[in-house]
Each structure stands twice: as C-alpha cells, then as structure tokens.
Amino acid sequence: MSAASKSTRYATILRDNHTFIQIEELVRSGVAKADAKKLRDAGFSTVGMVLMTPRKELVNIKGLSEGKIENILNHCIEMGGGLLKTGNEIKLEQETNIQYIETGSKSVDQLLGGGVETGIITEVYGEFRTGKTQLCHSLVVSAAVAGKKVAYIDTEGTFRADRIEEIAIARGHDVEYIYDYIVYARAYTHEMQMQILIDIARKMSEGDFQLLIVDSITSLFRVDFQGRGELSERQQKLGAMLSRLMKTAAEFNVAVVMTNQVMADPSGGVMSFGDVKKPIGGHILAHASHCRLYARKGKGENRVIKLIDSPNRPEGEAAYVICEEGIKDGSL
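The rules behind each value
Residues numbered from 1 in each chain as written. Predicted model: local features only at pLDDT ≥ 70, side-chain atom pairs only at ≥ 80, totals over all residues. Heavy atoms only, no water. Phe/Tyr/Trp six-rings, centres within 6.5 Å; stacked < 30°, edge-to-face > 60°. Buried < 20%, exposed > 50% of the residue type's maximum accessible area, 1.4 Å probe, protein only. Salt bridge = Lys/Arg side-chain N within 4 Å of Asp/Glu carboxyl O. Helix = DSSP H or I, 4+ residues; strand = E, 2+ residues; numbered from the N terminus. Core = buried A, V, L, I, M, F, W, Y, C linked by side-chain atoms within 4.5 Å. Contact = heavy atoms within 4.5 Å.

**Considerations on the packing of aromatic side chains**
Item 1. Enumeration over the complete set of coordinates arrives at seven aromatic pairs.
Item 2. Ring geometry for Tyr-177 and Tyr-181: centres 5.9 Å apart, planes at 90°, overall edge-to-face.
Item 3. Judged by relative accessible area, Tyr-177 falls into the partly exposed class, the value being 27%.
Item 4. You can call Tyr-181 partly exposed: its relative accessible area is 25%.
Item 5. Through successive ring pairs, a cluster of aromatic residues spans Tyr-152, Phe-159 and Tyr-184.

**Structural notes on the pattern of salt bridges**
Item 1. Taken as a whole, this structure holds 15 salt bridges when the rule is applied.
Item 2. One salt bridge connects Glu-70 with Arg-55, and the closest N-O pair in it is separated by 2.2 Å. Taken as a pair, Glu-70 in helix α6 (residues 66–79) and Arg-55 in helix α5 (residues 55–58) lie far apart in primary sequence, 15 residues in all.
Item 3. With a closest N to O distance of 3.9 Å, Glu-127 and Lys-277 form a salt bridge. Of this pair, Glu-127 sits in the loop between β5 (121–126) and α9 (132–144) while Lys-277 sits in strand β11 (residues 277–279), placing them 150 residues apart in sequence.
Item 4. Glu-127 gets classed as partly exposed once you look at its relative accessible area, which sits at 31%.
Item 5. Here the residues in one salt-bridge network are Asp-35, Lys-38 and Lys-68, joined through shared partners.

**Section: the nonpolar core**
Item 1. Within the largest apolar cluster, 46 residues are counted, with the highest numbers of intra-cluster contacts made by Leu-26, Leu-39, Val-50, Leu-212, Ile-217 and Leu-245.
Item 2. Those residues within four positions of Leu-39 in sequence are excluded, and the remaining contacts are Ile-23, Leu-26, Phe-44, Val-50, Ile-61, Leu-64 and Ile-72.

This is how it looks when you write it as structure tokens:
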C-alpha cells in the first residue's frame, strides 16, 4: 500500500495538493485522547511535527513516558504510510507541492526559477539599505493578494503596514481585505522568537498559509549572546530555531524567507579586493538555508541580488530597484 493510500485513512488537511495530519487523529489510531492533548499543548499540532522531533525531546513532555512515546511514534509512522517513498512518489510529490511566490521583479523571479519556492528556507543576507525588508514586504503582498496567509516575525521593528498598503494599491489590488491574510508578531528576545514559531505552527495547522518571514533571523541572538564565551550556546540555540523553521517549511509546505545581517570577513586580509563581507550565523545557518541570496548595492538606485547556493538553480545575479510596487527590474 502506498504512503498516500495509507494516510487517506485519516482526516488529512489539504493545502494546494499538500496534506498533513492533525495531531488529534492519533486518537483514531489508538492513542489516548489525553496523550494527544499533551502533544498539542506542547506545541505539536500535526503528526509530521512529532516524527520530526528527537525522542529525547519528546520524553520531556510532562505525562508522556518513554513507552508512550514509542507507541505514539509507531502510530505516527503507520499513519504517514511509513518512512520510505519510491522515486515516483517523491517526484510526484515535488511536482504537485512546490509553488513559487513572485518577488515583483521578473529578473529576480527568473533567477529563482519562478519566484521564492515553498517547502524550503530562503536566506537573504546583505548590508542595510540593500532592500531585504522591501523584498519581504513585496512577497507578503504577492501571497496575500492570491488569498494565501502570511506569518511575519519582526525582530527589528521594520514591518510597516502602510508600506503593504502602498504596494498593494500600486499593483491595482483592493487593500480592504489584505490585512486579514497577515499574522504578525514582534519578537524582543530569542526565547520569544522561538515561542512565536511554536504558536505559528498551531496557526498553520488551521489556516491556508504560504509564506513565513523572519526579519531578521540573527539580530536577537547577537544581542542576547555576547562575547566568545557565549558563542557555543548561541549557535546551539540558533541551530534549534533553524531546525524548527526547516520542519515548519516541510510540514506545511510554506516558503520560509529569513533576512540576515553581514559582518566583515577577517580572513579577507588587508590585501583583499572586492566584497569581503560574510553572513552572520556561521556554518549552522549556511547548512540550514536551502537557497542563499546575497543582496548588495549597485549603480545608482539599483540593488543586485546574487544566488549563492541552491539545490537546483545555477549561480547568477539579477538587478532590482525599490519602487511603489515593492521591487521591480533594475539594470546590472
């Protein structure tokens, strides 16, 4: 029996051909209702999120013993149709699930293969005034006008509702309904940022979300952890947050877009030429990002975005300018 046919025995939530199973369905498979509620209260809103979590974390949930966790995991695996898929199944899954959110710039969309891809993490890093937040606002409008919900985690206080309205009006859309599709949260600490991610996952199990933005991913970590003595703890906490973002992208088939800051690269040396800046976060962040984009200032009002890494796209560059419509094509 295929994974698809097995999972349809349970009430699945369908989002643009992508399905996930809510945690309450465990009860139908034989798990105690009280245990399913404990999972929900601990932040696990779907069966997939349970499977993506290490056992050592699951056994820390109050009231769930190692034996119960073992039983729950076995039920989760059975409900999902097993852990293995055929090549044909994964090919069909990717063909039907992957969507693209347009940025506003045709040249940037072409660079990305159609826009920002769902189901993965896209990192946009660069100096201030390179258009990272403007790109985020532009993506919010693109998703919202298509009737898809957006979650926006603001760690620097740069989200502007009037900018969303300006972009929507400039593109010829009715703005009365657009705010209904935006879920916003302001984070002031890295702990708060993590709790918001947990709360957003609960929302995503109920609504039709397509986009999750974190602007920016590292700023609170740089404030909360200072000095080399706290570097190891900072990277550990950052890794945990990135892991949750990856799981959220995969489980709910949303595009996760996170902005990032840069710092001077000391290894460049005084004799180095060109741009010697590197993104904050080190290898942990680099390995978590499926698609990495570097934004920099170009000639005049132009900004240039470079595709640094992608699982299926070649390296390249595209120019854009910030405008009333969000961003549009520029010139290299």
